[in-house]
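# Commentary on secondary and tertiary structure
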Amino acid sequence: MTDVLLGLDDRARCAWVGADPEYLRYHDEEWGTPLHGDRALFEKMSLEGFQAGLSWITILRKRPQFREAFAGFEPALVAEFGPADIDRLMADAGIVRNRAKIEAVIGNARLVRSMAPGELDALMWSFAPSATSRPPQTFADVPATTPESVALSKELRRLGFRFVGPTTMYALMQSAGMVDDHVAGCWRAR
């Protein structure tokens, strides 16, 4: 597998994009773009947690249904979900029906709701590494975890968050633009 592929628009992109139009859009418009805001980062944390053990394209394709099912990932609304909501979500074929992950999202929403506005954003971004450590030259240079993702995971777990392991948090750091893992040669690499 090469590290970059030339698209039909003559742009070189990270090879993981392949030819899937949804991945192409996600790569070009979202992945690696700095993302801020408690709601946006709560959504990203939730979706990355649902992704554990699955492919990201599965989650990406179900994202509209996730947003509908989880009240737009508004932490204050999701924090109010109860047993009937869990039953509703477990019956929703439009999302990943994993009780532990669903309950984690609700519990995590309650933790976010208890934080001051902007606190989740500030907490997560405080673990972003210096920009001088990126971009990677090849896919072989892209780690699954970093000391920063391990530390972020440890702090979130200390606070009571679930489904926030080091690999999941590194995926969040990539997708939320805390790190730039667009490989050298990709038009998006900084």
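Cut-offs used in this document
- Residues numbered from 1 in each chain as written.
- Predicted model: local features only at pLDDT ≥ 70, side-chain atom pairs only at ≥ 80, totals over all residues.
- Heavy atoms only, no water.
- Helix = DSSP H or I, 4+ residues; strand = E, 2+ residues; numbered from the N terminus.
- Rg over C-alpha atoms; globule rule 2.2 N^0.38 Å.
- Buried < 20%, exposed > 50% of the residue type's maximum accessible area, 1.4 Å probe, protein only.
- Areas by Shrake-Rupley, 256 points an atom, 1.4 Å probe, with all protein chains shown as cover.
- Lys, Arg positive; Asp, Glu negative; His and termini not counted.
- Charge placed at Lys NZ, Arg CZ, Asp CG, Glu CD.
- Salt bridge = Lys/Arg side-chain N within 4 Å of Asp/Glu carboxyl O.
- Phe/Tyr/Trp six-rings, centres within 6.5 Å; stacked < 30°, edge-to-face > 60°.
- Lys NZ or Arg CZ within 6 Å of the ring centre and 35° of its normal.

Next up on the list: the overall build of the chain. Looking only at helices and strands, the chain features 9 helices and 2 strands. In sequence order, the chain lays out its α and β elements as β-β-α-α-α-α-α-α-α-α-α. The C-alpha radius of gyration computed for the chain amounts to 17 Å, which stays within 12% of the reference 16 Å derived for 190 residues, consistent with globular compactness. Considered along the principal axes of its C-alpha atoms, the chain spans approximately 50 × 35 × 25 Å. Counting across all 190 residues of the chain, residues that qualify as buried make up 47%. A total accessible area of about 9000 Å² is found for the chain, and carbon and sulfur atoms account for 57% of it. Both charge centroids of the chain, one from 22 positive and one from 25 negative side chains, sit 4 Å from each other.

Tallied over the full model, the rule gives 13 salt bridges. Note that Asp9 and Arg13 form a salt bridge whose closest N and O atoms lie 2.6 Å from each other. By relative accessible area, Asp9 is classed as partly exposed at 42%. Here Asp28 ties to Arg13 by a salt bridge, and the two come within 2.7 Å at their closest N and O atoms. Taken as a pair, Asp28 in helix H1 (residues 21–29) and Arg13 in strand S2 (residues 12–14) lie far apart in primary sequence, 15 residues in all. Arg13 matches Asp28 in its accessibility class, with the two residues each being buried. Through salt bridges with shared partners, one network takes in Glu22, Arg25, Glu29, Glu30 and Arg63.

This part covers the packing of aromatic side chains. Following the criterion strictly, the structure yields 9 aromatic pairs and no others. Between Tyr26 and Trp56, the aromatic rings sit 5.8 Å apart at their centres with planes inclined by 45°, giving tilted as the arrangement. Pair noted here: Tyr26 is in helix H1 and Trp56 is in helix H3 (residues 56–69), with a separation of 30 residues, a long-range link. Grouping residues by exposure puts Tyr26 and Trp56 together as buried. Plain terms: the ring middles of Phe70 and Phe73 are 5.5 Å apart, the flat faces sit at 10° to each other, and that makes the pair stacked. Using a relative accessible area of 0% as the deciding quantity, one classes Phe70 as buried. The buried category is assigned to Phe73, whose relative accessible area is 0%. Across the ring face of Trp187, the terminal group of Arg11 is positioned such that the distance to the ring centre comes to 3.8 Å. Between Arg88 and the ring centre of Phe81, over which it is positioned, the NZ or CZ distance is 5.3 Å.

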